[in-house]
Amino acid sequence: MAGNTDERATIAHLADEVVPALIERLSNSELGELEVRQDGWRVRLRRGTDGAIPTVQPAQTTMPHKPAAVAHTADHAPRRDQPKGRVKSPAVGFFTLRDGVTVGSKVRSGDILGIVDVLGVRQEVVSPVDGVLKALEVESGQAVEFGQAIGRVEASV
Amino acid sequence: MAGNTDERATIAHLADEVVPALIERLSNSELGELEVRQDGWRVRLRRGTDGAIPTVQPAQTTMPHKPAAVAHTADHAPRRDQPKGRVKSPAVGFFTLRDGVTVGSKVRSGDILGIVDVLGVRQEVVSPVDGVLKALEVESGQAVEFGQAIGRVEASV
Amino acid sequence: MFSRILIANRGEIALRIVRACRRMGITSVVAYSEADRDSRAVQLADEAICVGPAESRRSYLSAPAILSAAIVAGCDAIHPGYGFLSEDDTFAEMTRAHGLTFIGPSPEVLERFASKAGTRTLLAKHGLPTIPGSGMLRDDAHAMAEADKIGYPALIKPSAGGGGKGMRMVRSARELQQAMTICRSEALAAFGDDSLYLEKWLEDNRHVEVQVMVDKFGNGVHVGERDCSVQRRHQKIIEEGPSPALSPGQRASLLDSAVAAVVAAGYENVGTLEFLLDKEGNYFFIEINCRIQVEHPVTEMISGLDIVTEQIRIAAGEPLSVKQSDIEIRGHAIEFRINAEDAENDFQPGAGRIETYLAPGGPGVRVDSHMYSGYEVPPYYDSLLGKLIVWGPDRETAIARSRAALEELVVDGVVTNIALHRALLGNDVFLSGEFTTNLLDRVGSAAFMATPKAAA
Amino acid sequence: MFSRILIANRGEIALRIVRACRRMGITSVVAYSEADRDSRAVQLADEAICVGPAESRRSYLSAPAILSAAIVAGCDAIHPGYGFLSEDDTFAEMTRAHGLTFIGPSPEVLERFASKAGTRTLLAKHGLPTIPGSGMLRDDAHAMAEADKIGYPALIKPSAGGGGKGMRMVRSARELQQAMTICRSEALAAFGDDSLYLEKWLEDNRHVEVQVMVDKFGNGVHVGERDCSVQRRHQKIIEEGPSPALSPGQRASLLDSAVAAVVAAGYENVGTLEFLLDKEGNYFFIEINCRIQVEHPVTEMISGLDIVTEQIRIAAGEPLSVKQSDIEIRGHAIEFRINAEDAENDFQPGAGRIETYLAPGGPGVRVDSHMYSGYEVPPYYDSLLGKLIVWGPDRETAIARSRAALEELVVDGVVTNIALHRALLGNDVFLSGEFTTNLLDRVGSAAFMATPKAAA
């Protein structure tokens, strides 16, 4: 059949393009548990929990955002790119950076880097690891949503 | 992350299950030409023609059939299983086997094996290759649809 | 009119409200939990804002998170949908205190209608026959005493919320005592409130409810009734309108007295008055739902009105767009709740990936659903996947169309109750229009599913 | 009533007829070409039978193949849909000769209405004002002579089929001569028949058509009119009903005279009488379509009737299910034809795989489409992917809902004309209800697409 080499090209394309897209879709889910069923088979992914609070994956969305109507997940960066040192917003509200904290500050795990004001109630933004604050993605006074990336701490080795 | 080995298992499943299913879907199409687009890439399959008449792939459907409501293509066997020697119905109508033709008959390419009666007009069912009639899937008097498999000729070497 | 509405809900109702906003030219902002990031409402909304983790208590049920999101997103109103914070007068009060509009009754109205016993007394005063019932039950002894006054059988009901959770019918003091504990814990888990009360239970009753709309100027209309007698453990499965159980005279009396009573009692917003109907066609008011309801599309299909846009208009202080004389009920509509639950396995809820979703169509068919092929149904919330609503010029045609639509509907990848609906459409009691609320539980869903499919 | 209907068509109309069969309890058998094996109609039908290769001439247009399939599958009737064999009196005659029922007019009626010139004369005799036109044109000289009689501008039209193919408006003898050759070859390619005729062309006309239903007992009703003035090269793009161009008096006159004339002329089946409307509101009959039409859902949405089931009933010899006094037109409906064509590239048709299809929803929204995510649009047939039909209590609401629905509609993987529809909904002339059939061609689709989106 004349189509055989074309079909092989298709197979290669599928392996290179389709499968990674599917895997990305799986790893992008922020669910603690993810079950995929197709015809007769079933795959279950379960995330580990590192303590009392489940490790919910942080949101990447700038907020408020306009989700792309057609690309269901395209507007969310893959979760696996998120390092352990990501500083996340604990709530939806207005962010204030703590006095004295700047890019370059040495911080310890649990240090308060700022607060999110939720109707007058202050929710603490804490460093997830010991290290150096390498980036701040939000300024004081800016609105943040739950799970939004506020900054990044590079863990000290 | 605790999920890593689970994720590898998923990848394996995807490679083993999803990709073949997609390929089957492609090779199952009876179109002369098939174009698949995904995001930025595009694959075009074009079938070769072995003469003046395009080689349309024969239908596998028994007729009339009840298609499965959920499995779009599951009720059609993969086309690649169909050997060159498949004898196909040229039309929708009632089939009559030619006198003297039986399983085991030696036939030549173009030999008339039977006819399909379409409102009184006889359409010839011909052998696609030289060889031996190995199987008959339809009996005289039975209704056939266009492209339906009527029998199989094993090509002589 | 509002310029930006925060939608504090999820699933099909969030999508429904996004659609209403679009039609009205209002910017929609969907407040979502982390588990709903890939939901259709989030995709379709003009904007979306993550308010918390999957757990409802920290997202959809968190008044501070929702309100903070509304402020942060610059919204001027909040639509609470149904369930969650939709009938929470404290939340409505907080919303107003922050200068935003709660799309629902005012806090005062919500408070006035918050107590079910109080509402019964109030509406009885305004002419509605009501079901005998108790006030809030202090303890088991109080429950016993009240039950003795009302008489058995009686129904234990949670003060907060609906949907059958924390509800039990009891036939004796012994059953009452046993059920109280279960109901308290179910109610606490479902609504964060274990207050219970009692209601007289009518044997073989039907559940009929009246849709009303009342604006801030005291203009009130009814938009016909819905019959929700097909229930499983007090959860509605199929709703239809008009009710096959009412004569024209009974219907007119029910509808007129319902709207007259709520207007007189100072209600405001869209709302639903629920009634029990006995075998003789007598009706008894049981409770009012001060919010949009799951089954509102039944009314939309037979009236041609858009109840959600009317609700938004009312909240914005506009007068109703219609007078009673403008409203004409035409034909018959039936709604089927499509749930991710295993009817063959005690209705265990399911979750997972919807591999294939193919909606039915054609004249008179509407589907309100947030499903799409590839959607992950999160395991954290209720099991409602969507609603199939079918209209016909008469009940018989609506049923024939429903049968065709249910055959056509494909939801692949998660378990659903579609087979139960198909079975119900082959059931003679349903077809005759004589279903009572206890029938499905008495006969058992399994028996319905085993019924050979009725000839089409 | 029939027990098994062979559906001799494809795409959305095959699906529509499958749905009608299901609702009526009739077994549906879809006749399909090899290119349509994975189509939604084939999947949903009770049975399906392959009648030939992709090429229409050997499948959907092959009378022997279709009829043989009907016989082989044990059907007692054939529904031809629209296009293909739907108005072929020879096929209808063959169908009857084999003891089957053609779901459409009888061969005699089809023959009586086959000649467009003859039909104009016939219906003029029964009181309809008609557009001046010619009989079949023998040759160019004959065309010139007829055009001189009628006067320029004139419209060249193919005798067989519709949809804008083989149609040209000419303003002079010179233009006529040039266009005749093109029209003949287009008509031959599209319909296998190069017969042409001429019609007087009205400047700035509107296209308004009347839906009628006439049973075998001579009972005839109209079901209101549709306005199909939004056209591109004589192809309808948007249809709506009622027409914004008619006063109540004009409407009543048009509808009453249309149904009176066809009944008097002995028509039978559902059918559509097409009229041109001039600036003063005068109407002129141009032709009759003796079949179900693409835009029939507009009428279904405003009347609550199911035109396809009525058509099947009429063919089965049953009387109409409604009298004229039962039919009430309610609200306004607009249909958008969703085509796989590139509006930015001279409307080149597209084909390929639909990667994602997400249908809009909510009150008043209906989608008739054979699309699904993963569907391969074959390149062999017309470009219609489906129809979005939106109802509202008035035109303004229908437009607001349409805008929301078109924003929500996702068709990914093939090029579509959705952007053109969105642009048209932002166009002042469309919004004012004053569109004429030549406007889109005069202004150019590109100009419409460039229009900034109207504020929602």
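Scroll up to find the structure this text is about.
Residues numbered from 1 in each chain as written. Chains lettered and ligands numbered in written order. Predicted model: local features only at pLDDT ≥ 70, side-chain atom pairs only at ≥ 80, totals over all residues. Heavy atoms only, no water.

### So, the overall build of chain A
Counting its regular elements, chain A contains one helix and ten strands. Walking chain A from its N terminus toward its C terminus, one meets helices and strands in the order α-β-β-β-β-β-β-β-β-β-β. Looking at chain A residue by residue over its 157 residues, the buried ones come to 40%. As displayed, chain A has an accessible area near 8,300 Å², and 51% of this comes from carbon and sulfur atoms. (Helix = DSSP H or I, 4+ residues; strand = E, 2+ residues; numbered from the N terminus. Buried < 20%, exposed > 50% of the residue type's maximum accessible area, 1.4 Å probe, protein only. Areas by Shrake-Rupley, 256 points an atom, 1.4 Å probe, with all protein chains shown as cover.)

### Topic: the packing of helix α7 (residues 140-150) of chain C against helix α8 (residues 173-191) of chain C
Any two packed helices are characterised by the angle at which their axes cross and by the distance between the axes. Residue and element names in this part refer to chain C. Relative to each other, α7 and α8 sit at 140 degrees, their axes nearing to 10 Å. Taken as a pair, α7 and α8 cross one another with a handedness that is right-handed. For the pair α7 and α8, contact is made by Asp140, Ala143, Met144 and Ala147 and by Ala173, Leu176, Gln177 and Met180, respectively. Looking at the contact of α7 with α8, its residues break down into six nonpolar, one polar and one charged. (Axes fitted to C-alpha atoms, helices over the stretch in contact; angles between N-to-C directions. Left-handed = near helix turned anticlockwise from the far one by under 90°. Contact = heavy atoms within 4.5 Å. Nonpolar A, V, L, I, M, F, W, Y, C, P; charged D, E, K, R; others polar.)

### Considering the side chain of glutamate 300 of chain D
Turning to its location among the elements, glutamate 300 of chain D is positioned in helix α10 (residues 296-303). A relative accessible area of 4% means that glutamate 300 of chain D is categorised as buried. Excluding residues within four positions of it along the chain, glutamate 300 of chain D makes contact with Pro363 of chain C together with Arg16, Leu305, Asp306, Ile307, Val308 and Arg366 of chain D.

### A look at the packing of helix α3 (residues 63-72) of chain D against helix α4 (residues 89-97) of chain D
Residue and element names in this part refer to chain D. Direction vectors running N to C along α3 and α4 enclose 30 degrees, while the axes themselves pass 11 Å from each other. Classed by the angle they form, the pair α3 and α4 counts as roughly parallel. Relative to α4, α3 is oriented so that their crossing is right-handed. Where α3 approaches α4, its residues Ala63, Pro64, Ile66 and Leu67 are matched on the opposing element by Phe91, Met94 and Thr95. (Parallel < 35°, antiparallel > 145°, perpendicular 65-115°, else oblique.)

### A word on α4 of chain D
All names here are of chain D. All of the buried residues in α4 are Phe91, Ala92 and Thr95. The arc that holds the buried residues of α4, viewed along the axis, is 100 degrees, so those residues lie on one side. Among the exposed residues of α4, those pointing more than 90 degrees away from its buried face are Thr90 and Ala97. Tucked into the core, α4 has its buried residues touching α3, β4 (77-79), β5 (101-102) and α5 (107-112). Between a side-chain oxygen at the N-terminus of α4 and the backbone nitrogen of threonine 90 the separation is 3.0 Å; the capping residue is aspartate 88. Positive phi shows up at glycine 99, right after α4, with a value of about 80 degrees. (Arc of directions from axis to C-beta. Polar contact = N/O pair within 3.5 Å; in protein donor to acceptor, adjacent residues only side chain to side chain.)

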